[in-house]
Structures are given as structure tokens and as C-alpha cells.
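One letter stands for each residue in the lines below.
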Amino acid sequence: MDFLPLFHNLKGRRVLVVGGGEIALRKVRLVQEASAYITIIAKDFCPDLIAMDAKDTADGCNGLELITGAYEHKQLLGYPDTVMVIAATNDRDLNRLVSEHAQAANMLSNVVDDPGFSTVIFPSIVDRSPIQIAISSGGDAPVLVRLLRTRFESLLPAGMAKLGSLAGSFRERVKAKFSNGADRKAFWEEVFNGPIAEQAYANNLDKAEQLLADKLENTSEFKTGEVYLVGGGPGDPDLLTFKALRLMQQADIVLYDRLVSKEVLNLVRRDATRIYVGKTAGDHPVTQDNINQKLVDYALEGNRVVRLKGGDPFIFGRGGEEIETLAEHGIPFQVVPGITAASGCASYAGIPLTHRDHAQSVRFIAGHLRSGKMDLNWPELVQPNQTLVFYMGLNGMETICQQLMEHGLDSETPAALIEKGTSARQQVFVGDLQSLPNIVRSAGAKAPTLIIVGHVVSLQDKLAWFNLSEKAQG
Ligand code: SAH
């Protein structure tokens, strides 16, 4: 190990910076975040440093001092309380000289972009203070470090900072309650993996604090389940949200239906119980009441239940009904939006749902047949300059196209049907209101499919980008 990672308390301590350009500015911002007292020596200062100086003085909390002029050894010696020196000029030799002086005075020394002459180097930081991740390659692979940082940034919920502070404020009380280290660890693990953490991530700090206090009071019988109504998106697992993935990986029980793709389901925590509640032809479907009741029962047993749905739970997903029952039983729940089929299929088919020249509005319509009929407000649907998106419309496709033409849409209005959108098996069939049904029926398309009607469909020719080699010929 070339460098030992340490977290440095710089509060009220002096850091000396030599150099006044953009690079110095970046370091100054960092050490300022850590509440250091900063002295900068430079011939010139970039405007942001000057502005920073003015601002700090106005505040009366002057943590910044700018000294104009060339660096001299005696300046460094003149600040014996300095704990760290940062050499950030664009003169490599001068930087190294500064570093030598600093080291001779037993001060920590950082030379920007010159780890060989530094005794300390700045890591890449993921900051959810008080939680921090510092990443370094010792100067060997800065681009790799940046990539890693991006990954960690996406892994750590923004609310992690709040959770960390909350835990900090309970630390002493928890310590007093559990003298045994193993018990304490078990307690905190439950806190960080369960509803308390989720409440903090959801910015419900009062609730999180109250749950934590309750948990501390009745550790033995504490067990509240929670239900997460999660949108699993249209199929491609890369379209899941971070939150959806996190909750799926914490779940004890997952109830899912037919629209949830296998790839998405594979991301559920391996030892979670998976319960299929969808409909399959010939089977007796699980009724909605039954699903609602199951959610309640599992949660009351203390489970973390994920109700995983295709697309977005609040778009033709009966999500509202499911959480209504939960609310009636006082069971805590959260709703995680997902990418709805209209967004996913349109994007992956190269059909913008709105477009300045073609459509200023878009409608999402339930296009299923009820007793062989479709009861829709057709005159509204044939208004110009709008895009129509029909969910559940495969069986009724002929009716949809026919009715739209009968109510005044041109038979040459472009129309598309997207089968298994966003998945590797996606197929896009393009035609117009007159031709689409034949194109689709002769290809034998199967659910799930989405129908898009409107002039935006004509852009598909130019904008298609996904799965081109396997694209169906319309
Ligand atoms: N809550 C879901 C919709 C449920 S209704 C969402 O927001 O997407 C079910 C209908 O969604 C299907 O009949 C079909 O029209 C559409 N659908 C869902 N996933 C689809 C996909 N991958 N490709 C095409 N259509 C899809």
C-alpha cells in the first residue's frame, strides 16, 4: 500500500496553498468544505478565488487569506501553524520546491498531479456526509477512479446523508441500551436495511426518527412490514430506477405479474420468496381482492413486500387500488414509479410521442374490448395534432383502427404496433390505420403490444436505433 487512506479533520487548521488558478481553486473549495483556514500565495488569482475572498470577508467568517506575490521560503516559515501545504502552480519545479520546504517543516504536502512529490494525495470523493467514500489509484488510473466514483454515486441514495446523521444522533442511546457489541450490530443492521432507512431516503425524517425511537423502546416485538409498489419498467432491466433495484434487493417477498420481464425478475434478492399473481390463459387468475389481501397479510407478518408491476404502477396498473387497501389497514407503503410502456416502446422504436411539427399532446388510452366492444370517446380521439397510445389494444386493434377512421381520421394516418417493446425480442410494425391490422395479423404478433397512432409515427423510419438488425419489415 503506497498511501494509507485517512480522513483528516481540518476544522480551524491552516492549509497553505501556493498558486491562484483553476486548479488551486478546486483544492481550495475542497479544504474549505472541511472548514480549514486557508492562506493562498500567488502572483495572480482567478476571479472565483477573488470572489470567494470577498464573500468570506463580508460574512465575517474569514477563513480565507490571499497574499499576492511570488512564493518565498520565508512565507511558509512564517506560518508555522500550517498542517498542510498544497502546491498548485503551473510551474512543476516551483511546486516541487514548495513540497520540499513543507516536508522539511514536517507539514503534509500535496503537489497537484505529482503524487511522487506528495506525502498526501486527494482522493475522489463521494460525499453523503457524514458518510463518505474516498477512492484513489495513487495517481495510476484517474479515469478509472472517476468511473468508479460515478458508480458509487449512483449506488448511494441521496438520502444516505440524512440516514447517517440520524444514526449519529441515536448512537449514544443505542450504545447505552445494548452493551453487547453483537446485539448493537444486529440492531443497526435492521435499521439500515428496513423501513427506517427507506423513510430517511424518502425524506420523511420525522417518521424515520419516530420509528427508530420506537424500535429502540421495544426491540423484542418490533417488526413492522412495509409494502413497496414498484414499477419494473417495460422489460429492459437497464430501465429500472435505482430505487426499484434497491428495494427489490431487500425484499423478503415479491409478488409479480405477467408483464414483469424475466431479466427484471432475476434482479430480485436471491432468497426472496417470489409469488406469481398474474393471469395466464386457461388458469384461474388471482383476483385483485386476493392480491390486495395478500399484500396486507404478508406485511402484517413483518415482511418487506415488493409488489412488482410492469411499467409504471399508476398507469393502467391498478396500483391505486392495491395501496388503498394497505392504507385502510394502516400499513406503511411507498410507490416507486417506473418507465411506462408508452415511453419505453416509443423511445426504443424511434417514435417521439410529441413533436413540434406533428403533435402537441399525447393520450394514453386503455384499448381493451369489453364484451366485444370498446367504449371510448372517439370524437375526442380524432382531434388533430395529438398522438394516441393504446395499451391492451391487440385484440381490439381492428375496432380501434376502424372507429378512428369512421370518426374522421384519414385512413393513411401513420400507425405502429410495438411488440415486447424494449426487450431483445422487440418487433416494430409500421403502417397506417388501413394497413396496420393486416400487417400485424399476418406476422402473428403476440402480447404485450402497444399501438401508437399519429404523424409522429412517420419519423420512425429515420429515428429507429434499437435492435435494427432484427427489425420486422412493416
Ligand atoms: N402499468 C403498465 C401497463 C399495464 S397495462 C405500464 O405502465 O406500462 C398492460 C399493457 O401495457 C399491455 O397490454 C401493453 O399494451 C402494454 N405493455 C406493457 N409492457 C409492454 C411492452 N414491453 N411492449 C409493449 N407493450 C407493453
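Look above for the structure.
Here is what the cut-offs are and how they apply
Residues numbered from 1 in each chain as written. Predicted model: local features only at pLDDT ≥ 70, side-chain atom pairs only at ≥ 80, totals over all residues. Heavy atoms only, no water. Salt bridge = Lys/Arg side-chain N within 4 Å of Asp/Glu carboxyl O. Helix = DSSP H or I, 4+ residues; strand = E, 2+ residues; numbered from the N terminus. Buried < 20%, exposed > 50% of the residue type's maximum accessible area, 1.4 Å probe, protein only. Core = buried A, V, L, I, M, F, W, Y, C linked by side-chain atoms within 4.5 Å. Contact = heavy atoms within 4.5 Å.

(A) How the structure looks around the pattern of salt bridges. Counting across every chain of the model gives 22 salt bridges. Measuring nitrogen to oxygen at the nearest pair gives 3.6 Å for the salt bridge that ties Lys-185 to Glu-189. Of this pair, Lys-185 and Glu-189 both sit in helix α7 (residues 181-193), 4 residues apart, which is roughly one turn of that helix. Owing to a relative accessible area of 42%, Glu-189 belongs among the partly exposed residues under this scheme. Residues Arg-307 and Asp-257 are paired through a salt bridge, measuring 3.2 Å at the closest nitrogen-oxygen approach. With Arg-307 in strand β11 (residues 304-309) and Asp-257 in the loop between β9 (253-256) and α11 (262-265), this pair connects stretches of sequence that are 50 residues apart. For the pair Arg-307 and Asp-257, a shared accessibility class is recorded, and that class is buried. In this structure, a network of salt bridges that share partners links the residues Asp-252, Arg-269, Asp-271 and Arg-304.

(B) Molecular detail of the nonpolar core. Counting residues in each nonpolar core, the largest one holds 24 residues, and the members touching the most others are Phe-390, Leu-404, Leu-417 and Val-453. Secondary-structure elements contributing two or more residues to this core are α15 (378-381), β14 (386-391), α16 (397-406), β15 (414-419), α17 (436-443) and β17 (449-453). Sort the elements by how many residues they give to this core and α16 lands first, with 5 residues. Contact partners of Phe-390, with chain neighbours within four places excluded, come to Ile-365, Gly-367, Leu-376, Leu-381, Ile-400, Leu-404, Thr-449, Leu-450, Ile-451 and Val-453. Judged by nonpolar contacts, the second largest core, of 22 residues, contains Leu-163, Leu-166, Phe-187 and Trp-188.

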